[in-house]
Amino acid sequence: MAKKTVAALAAVAVTAIALSGCSAGGASDPNNKIDGEVKGDLKVITWRTDLVEDGTFDTYVKEFEKKYPDVKVTVEGITDYEGEMKTRLSTKNYGDVIGIPTMQQSQFEQFLEPLGKKDDFADKYRFLNTHSYEGTQYGVAVGGNANGIVYNKKVFEEAGITELPTTSDEFLSDLKKIKSSTDAIPYYTNYKDGWPLTQSFSNLGSITNNPDAATEMAKDDAPWTEGTDIYAIDSLLYDAVAEGLTEADPLTTNWEQSKVDLATGKIATMPLGSWAISQMQAAAEDNGASADDIGYMAFPANVDGTQYAVIGGDYNLGVSKHSKSKAAAWAWIQWFIEDSGFTEDQGMISTVKSKDLPENLGDFTAAGVQLMETNPAPAGEESLLSDVSNDSQIDLWGPIYRQKLVDVARGAAEGDKDSYFAELNERWAASVEKVAK
């Protein structure tokens, strides 16, 4: 399975799960921590079918059962994870440990056992904001990802680029050098598959070092205005296409092939979450290149000379409200996050604050990039950004409006950047007036 996760699931549009005949129980006391003997049968449900199929999870299970011999673990991988889990949540039978599917934060208590108070985890764990509600923690991220741009180091060297860009102008200048002095496609959009176009949205907040950028955007009458994060993000895409620095025919892009092409130097850059690094490295090694050719840079922007990168948690693990082995489930979550080696193997940022950044973010360390987490929306406004997005039919977490942006930039649709941004602002403002005010 090709892992097509949003770099930070914190940025995924929050949608309510509509369930008919839902049999979820009542609220538990959020002040109680899960305790009791670590024993019983434990079913772990995962989206990582690849790690189930290749036997990696078998190794995890053996190690866990060695530590907790009174627990018997079975693992089930689901390909259509979000869709299948949302169906299962209408029953009481959805496993003991789950990757929490997208839902409103106010729905956590319907389906998940409280893990304790958020404040009690704050010194130890990152990525707590998205899966807490009213001070109670319901999930802990398996690990996290940074947001930025994956690139091929050999192509940059061939083009004579010795320093990574820290502004959009520098980035575009580098792309032009790549076009003129190498055979590589400077910037690949993955237009046809669509979902990779959404990855840059996860940089929201890093351009202006504003952890409240999403909350502010939900109330902004004209977010596509110079000086904002979304303007910078979408302008970079538009300008790269308009200046002929992307693939010749975006209608024929192919995600799986693009991984091989970036890994072997046929593509120079792609904006993706850091989760993609390990896939590019594997593609390099499978195709006669070196994993060392794969680099990762922050979005080309800075505030007073400092670059920032938004980091966010991947799937959060939670304990089913209906589990009969809750202590064992909570033990699995803590062991998996802290001791299994999963984040190290996947090149992810550890949820455990005390652990070092993965080696694949060495460019961040060298450039002094500062990591930042975005703030949750205020109580009562958790779905405001997605509500405005839905009402305006500007799919912030989808590809449609960005595919239109590419079409305008390449001359396949009418208009230019100014006219299209003005259209987006007009539609957005109407929905802000209707939904947010």
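Shown above is the structure to which this text applies.
Sequence order as written defines residue numbering, which begins from 1 separately in each chain. The model is predicted, so local features are restricted to residues of pLDDT at least 70 and side-chain atom pairs to those at 80 or more, both for listing and for counting; the totals for chains, interfaces and linings are taken over all residues. The side-chain numbers reported here are obtained from all heavy atoms of the structure, hydrogens and water having been left aside.

S.K.: Would you mind showing me how to read the packing of aromatic side chains here?
M.R.: Think of a pair of aromatic rings as described by two things: how far the centres are apart, and how the planes are tilted against each other in angle. Pairing of aromatic rings covers Phe, Tyr and the six-membered ring of Trp, with a centre-to-centre limit of 6.5 Å; geometry is then stacked below 30 degrees between planes, edge-to-face above 60, and tilted otherwise. Across all of its chains, the model carries 26 aromatic pairs by this definition. A ring pair is formed by Phe-121 and Tyr-125, whose centres lie 6.1 Å apart and whose planes are at 10 degrees; its orientation type is stacked. Considered together, Phe-121 and Tyr-125 belong to a single accessibility category, that of buried residues. The interplanar angle of 70 degrees and the centroid separation of 4.8 Å between the aromatic rings of Trp-195 and Trp-255 together place this pair among those described as edge-to-face. Of this pair, Trp-195 sits in the loop between β9 (185-187) and α8 (213-217) while Trp-255 sits in helix α10 (residues 255-263); the two residues are 60 residues apart in sequence, bridging distant segments of the chain. In terms of burial, Trp-195 and Trp-255 fall into one category: buried. Ring pairs connect the aromatic residues Phe-57, Tyr-60, Phe-64, Tyr-68, Trp-332, Trp-335, Phe-336 and Phe-342, which therefore count as one cluster. Working rule: Lys NZ or Arg CZ, within 6 Å of ring centre, within 35 degrees of ring normal, means a charge sits over the ring. In this structure, Arg-410 packs its charged tip against the face of Tyr-191, placed 5.8 Å from the ring centre. Between buried and exposed lies partly exposed: a residue is buried under 20% and exposed over 50% of the maximum accessible area for its type, with that area taken using a 1.4 Å probe on protein chains only. In this description a helix means any DSSP run of H or I spanning at least four residues, a strand means any run of E spanning at least two, and both kinds are numbered starting from the N terminus.

S.K.: Even after reading the chapter, I still don't get the sheet that holds strand β13 (residues 316-319), so can you show me in this structure?
M.R.: The strands making up a sheet associate through backbone hydrogen bonding, with each pair oriented either parallel or antiparallel. Pairing between strands is defined by DSSP: at least two bridges between them are needed. With respect to topology, five strands assemble into an open sheet ordered β2-β1-β3-β13-β7, the strand pairing being mixed. The sheet terminates laterally at β2 (71-77) and β7 (140-141), the two strands that pair on one side only. Two strands pair when backbone bridges link them, and strand β1 (residues 40-46) and strand β3 (residues 97-99) are joined in this way by two bridges, in the parallel orientation. Its bridge partner being in β3, Ile-45 is matched across the sheet by Ile-98. Taken strand by strand, helix α3 (residues 81-88) contacts β1, β2 and β3, and its axis lies near 135 degrees from that of β1. Note on contacts: a residue pair is in contact if any heavy atoms of the two residues lie within 4.5 Å. All axes are obtained by fitting lines to C-alpha atoms, using only the stretch in contact for helices, and the reported angles, taken between N-to-C directions, cover 0 to 180 degrees.

S.K.: What is the right way to read helix α7 (residues 168-181) from this model?
M.R.: An α-helix turns once per 3.6 residues; consequently, residues spaced three or four apart project the same way. An expected span of 1.5 Å times one less than the residue number is assigned to each helix. Helix length check: α7, at 14 residues, gives a terminal C-alpha distance of 20 Å against a target of 20 Å (1.5 Å per residue), a fit within 8%. When we look at burial in α7, the residues that qualify are Phe-171, Leu-172, Asp-174, Leu-175 and Ile-178. For α7, the arc enclosing every buried residue in end-on projection is 155 degrees, short of the 170-degree limit, so these residues lie on one face. With respect to the buried face of α7, the exposed residues turned more than 90 degrees away are Asp-169 and Ser-180. Elements in contact with the buried residues of α7: β8 (144-152), α6 (153-158), β9, α9 (229-242), β10 (267-273) and β11 (294-297). This arc is built from the directions going out from the helix axis to the C-beta atoms.

S.K.: Which parts of the structure should I look at to understand unusual backbone geometry?
M.R.: Trans is the prevailing form of peptide bonds, just as negative phi is the prevailing case for residues other than glycine. In the Ramachandran plot, Phe-127 falls in the positive-phi region, its phi being about 65 degrees despite a non-glycine side chain. One can find Phe-127 in the loop between α5 (118-121) and β5 (132-133). One non-glycine residue with positive phi stands out, namely Asn-190, at about 55 degrees. Checked against the element boundaries, Asn-190 lands in the loop between β9 and α8.

By themselves these figures say nothing about function.
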